[in-house]
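Here is what each chain is made of, one letter per residue.
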Amino acid sequence: MSDLALARALLRLYKLAMIAGRPGVTDHLLHALEELARSEPACEPILDQAYLWGLGARVGVAQPRMPGSGTQ
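Here goes a summary of the coordinates provided. (Residues numbered from 1 in each chain as written. Predicted model: local features only at pLDDT ≥ 70, side-chain atom pairs only at ≥ 80, totals over all residues. Heavy atoms only, no water.)

### Focus: the overall build of the protein chain
Turning to step 1, where the next piece is worked out: Along the protein chain, the regular secondary structure elements total three helices and zero strands.
Turning to step 2, where the next piece is worked out: Ordered by position in the sequence, the α and β elements of the protein chain form the string α-α-α.
Turning to step 3, where the next piece is worked out: Counting every position in the protein chain, which comprises 72 residues, the buried fraction comes to 31%.
Turning to step 4, where the next piece is worked out: If you take every contact in the protein chain between residues at least 6 apart in sequence, the share linking residues at least 24 apart comes to 48%.
Turning to step 5, where the next piece is worked out: Summed over all atoms, the accessible surface of the protein chain reaches about 4,600 Å², with 59% contributed by carbon and sulfur. (Helix = DSSP H or I, 4+ residues; strand = E, 2+ residues; numbered from the N terminus. Buried < 20%, exposed > 50% of the residue type's maximum accessible area, 1.4 Å probe, protein only. Contact = heavy atoms within 4.5 Å. Areas by Shrake-Rupley, 256 points an atom, 1.4 Å probe, with all protein chains shown as cover.)

### Some points on the environment of Gly54
Turning to step 1, where the next piece is worked out: Structurally, Gly54 can be placed in helix H3 (residues 44-59).
Turning to step 2, where the next piece is worked out: Expressed as a C-alpha distance, the spacing of Gly54 and Met18, which sit 36 residues apart in the sequence, is 7.5 Å.
Turning to step 3, where the next piece is worked out: Those residues in contact with Gly54 that lie beyond four places of it in its chain are Tyr14 and Met18.

### Structural notes on the pattern of salt bridges
Turning to step 1, where the next piece is worked out: In total, this model carries one salt bridge according to the counting rule given.
Turning to step 2, where the next piece is worked out: Of the charged contacts, one joins Arg38 and Glu35 as a salt bridge, the two residues approaching to 2.6 Å between their closest N and O atoms. With a gap of three residues between them, Arg38 and Glu35 both fall in helix H2 (residues 23-39), about one helical turn apart. (Salt bridge = Lys/Arg side-chain N within 4 Å of Asp/Glu carboxyl O.)

Pasting the structure below:
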């Protein structure tokens, strides 16, 4: 699995954990994305997406629905 594929998978898990209201899990996943972006600059845009998703969730902005999640 490439670093980019791993970052995308972590982002998906991060979003699911955010939707599920699991802050401890989201913290660990965000840390993993930060470490990955530190070693692979191509992953930085994915980390940026996670930051934006997290900020939107904290201020109550509606997030786009994830395919297959059944929630918004």
